[in-house]
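A structural walkthrough
If you want the building blocks of each chain, they are given just below.
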Amino acid sequence: MANRTETQAERGHRTIHAGGEWLAASSGATRDILDPADAQPFAVVAEGDEKDTDRAVAAARRAFDAGEWPHAPVAERAALLRRVADLLVRDREELGLLESRDAGKTVEEGRVDIDCVADAFRYFADLVAGEALGRVVDAGSPDIHSVVVHEPVGVCAMITPWNYPLLQASWKIAPALAAGNTFVIKPSEITPLTTIALIDLLVEAGLPTGVANIVTGPGHTVGARLAEHPDVDLVSFTGGLVSGTKVAQAAAVTVKKVALELGGKNPNVVFADACETEEGFDTAVDQALNAAFIHSGQVCSAGGRLIIEESVRERFVAELARRAARIRLGRGTEEGVECGPLVSEQQRARTEDYVASALAEGAVVRCGGKRPEPSPERPESGYFYEPTVLDQCHREMRVVREEVFGPVLTVETFRTEDEAVALANDTEYGLAGAVWTADAGRARRVAGRLRHGTVWINDFHPYLPQAEWGGFGKSGVGRELGPAGLAEYRESKHVYQNLAPKPVRWFAG
């Protein structure tokens, strides 16, 4: 952002980018962006609507139908993605801080997010640059040349969530651009700032006018219009199940391509043999904390369901609760803070409701379960909630079955391997899960039986840009990252050439 001619603060409420221009909302409406650590506004953005969305889609349509980007050489597209990655590295500190203030996460988490965003741009640059031009199909005759080629889908609509604003945007934007598409992105209305900054970086990197467009505004207007718009060829949505279902329904009218990443209710299965040594016990407890409480549990793959073998349950849960109670809560920009606030008052109220329902259904609080005492680093106006461990949980509880998206860990127990697998798979979601065991054979067996899109063995949370990400069941449709993540933004075309055409004589004529 060091080379930008106009900073976001100087731009003010002109945060809609359509056809190469930064614009105010057509209605003149704006929205304050709040710092979740103290609920105070620190930025203003345009509040777009359907009219603004139509303008952005029209710009993307023109850029695709008559512009140069869809036809740019692969090497040129890859080079631009690499330039974007370099700019992200250049602006890492500023973007990491902005992500922290916008989403409430710690600055260190924000920095890591920016690193991951740069990695995604580099991965898709390398992937598209290294591909063959097409797949030759053997037609069984030397007189036939048959090849399957891949072309961009067209105008892509992207709707991204508030928990990982820039990371989730990059998982869509990087492959879409690598494939030669144009796009309109709608970031979450409460955390749009780093996505706005990314549009500036794309322009700085030399992306042609009209290829990248952004509309800041709410889902019920901007998001809904993108999903139904007849000039949009694909809609990619990351968010909640209810909203994702509405997106799919709206998109079905125009039969556009749809990709949905809708979250999960992710099991972390710990066998007793993983805890036989002190080192193994310490590692499993530490990773259970990371699984549940990174970014205050506001992670689609959060390991919010601890499924622990009964023989080690009491010792494991006691130590887990002891450590969770010592997690340092505070403003994410403060040195030494380990966990920031929830993103909004609505999200904290949702978390409180789930904890209250769990207690009414028989759960036992081992730690947390309330708002922390205010302090200089935790203003009373901030959206803080203590990391919470709920013991004696069972599958009939709402808190076990539904996605909380807050710092809440539930504890269930098992006695046999079959019971552990049954519990882990007893969910309508299927995004991610983990198994902890010292038995290599058991690890492979259980991983093979888990119905989840990502399964970690003796680890939790890492992902690779070269490996597909997505889920089974109600966790969504399609995949992001990996070769399949690029394929989402392409259409396959079969080109069949007869090198020696002659009459068929099907009709006597």
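What counts, and where the lines are drawn
Residues numbered from 1 in each chain as written. Predicted model: local features only at pLDDT ≥ 70, side-chain atom pairs only at ≥ 80, totals over all residues. Heavy atoms only, no water. Axes fitted to C-alpha atoms, helices over the stretch in contact; angles between N-to-C directions. Helix = DSSP H or I, 4+ residues; strand = E, 2+ residues; numbered from the N terminus. Parallel < 35°, antiparallel > 145°, perpendicular 65-115°, else oblique. Left-handed = near helix turned anticlockwise from the far one by under 90°. Contact = heavy atoms within 4.5 Å. Nonpolar A, V, L, I, M, F, W, Y, C, P; charged D, E, K, R; others polar. Salt bridge = Lys/Arg side-chain N within 4 Å of Asp/Glu carboxyl O. Buried < 20%, exposed > 50% of the residue type's maximum accessible area, 1.4 Å probe, protein only. 1 Å grid on protein atoms, 1.4 Å probe; cavity = no way out; pocket = protein on both sides within 12 Å on 5 of 7 lines; lining within 4 Å. Points joined across faces, edges and corners; volume = space filled by probe spheres on them. Pairing = 2+ DSSP bridges.

At a closest axis distance of 7 Å, the pairing of helix 4 (residues 92-103) and helix 5 (residues 107-129) adopts a crossing angle of 125°. Taken together, the axes of helix 4 and helix 5 lie oblique to each other. For the pair helix 4 and helix 5, the sense of crossing is right-handed. Judged by residue contacts, R92, E93, L95, G96, L97, E99 and S100 of helix 4 engage V107, G110, R111, V112, D113, I114 and D115 from helix 5. Of the residues assigned to the contact of helix 4 with helix 5, the class counts are five nonpolar, three polar and six charged.

Next up on the list: the pattern of salt bridges. What the rule picks out here adds up to 46 salt bridges. Measuring nitrogen to oxygen at the nearest pair gives 3.3 Å for the salt bridge that ties R331 to D38. Note that R331 is positioned in the loop between helix 11 (313-324) and helix 12 (345-360) and D38 in the loop between strand 3 (30-35) and strand 4 (40-46), a separation of 293 residues in sequence. Here R331 matches D38 in class, with each residue buried. Of the charged contacts in the structure, one is a salt bridge between D426 and R395, with a shortest N-O distance of 3.3 Å. With a gap of 31 residues between them, D426 in the loop between helix 14 (417-425) and strand 17 (432-436) and R395 in the loop between strand 15 (388-391) and helix 13 (398-401) connect regions that are remote in the sequence.

Let us now look at empty space enclosed by the protein. For the structure on display, the rule yields four cavities of 30 Å³ or more. Volume-wise, the largest cavity comes out at about 120 Å³. Forming the walls of the largest cavity are 15 residues, and the residues nearest its centre are K265, A302, G304, V404 and F405. Tallied by class, the residues present in the lining of the largest cavity amount to seven nonpolar, five polar and three charged. Of the voids in this model, the second largest cavity is the one considered here, and its volume is about 70 Å³. Forming the boundary of the second largest cavity are 16 residues, of which L260, E261, V477, G478 and E480 lie nearest the centre. For the lining of the second largest cavity, the per-class residue count stands at five nonpolar, seven polar and four charged.

Bringing the packing of helix 3 (residues 74-90) against helix 5 into the picture now. One can describe the packing of helix 3 onto helix 5 by two numbers: an axis separation of 8 Å at closest approach and a directional angle of 165°. Classified by the interaxial angle, the pair formed by helix 3 and helix 5 is roughly antiparallel. For the crossing formed where helix 3 meets helix 5, the hand is left-handed. From helix 3, V74, R77, A78, L81, R82, V84, A85, D86, L88 and V89 reach across to helix 5, where they touch I114, V117, A118, F121, R122, F124, A125, D126, V128 and A129. Of the residues belonging to the contact of helix 3 with helix 5, the class tally is 15 nonpolar, no polar and five charged.

In this structure, the largest pocket occupies an estimated 1,300 Å³ of space. What lines the largest pocket is a set of 46 residues, among which W162, F237, G239, G240 and S243 lie closest to the centre. Contributing elements (two or more residues each) for the lining of the largest pocket: strand 3, helix 8 (219-228), strand 10 (234-238), helix 9 (241-252) and helix 12. A total of six residues in the lining of the largest pocket trace back to one element, the largest contributor, which is helix 9. Of the residues contributing to the lining of the largest pocket, the split by class is 20 nonpolar, 15 polar and eleven charged. Considered as a void within the structure, the second largest pocket measures approximately 620 Å³ in volume. Elements supplying a minimum of two residues to the lining of the second largest pocket: helix 5 and helix 6 (165-179). The element contributing the most residues to the lining of the second largest pocket is helix 5, with seven residues.

Read from one edge of the open sheet, seven strands run 14-15-16-13-12-17-18, paired in mixed fashion. If you trace the sheet from one side to the other, it starts and ends with strand 14 (364-367) and strand 18 (454-457), each paired once. Each strand of the sheet is rotated relative to its neighbour by a mean of 25°, with strand direction disregarded. Packing against the sheet, helix 14 makes contact with strand 12 (267-270), strand 13 (305-309) and strand 16 (408-414), and its axis sits at approximately 145° to strand 16.

Worth remembering: the numbers are spatial, not functional.
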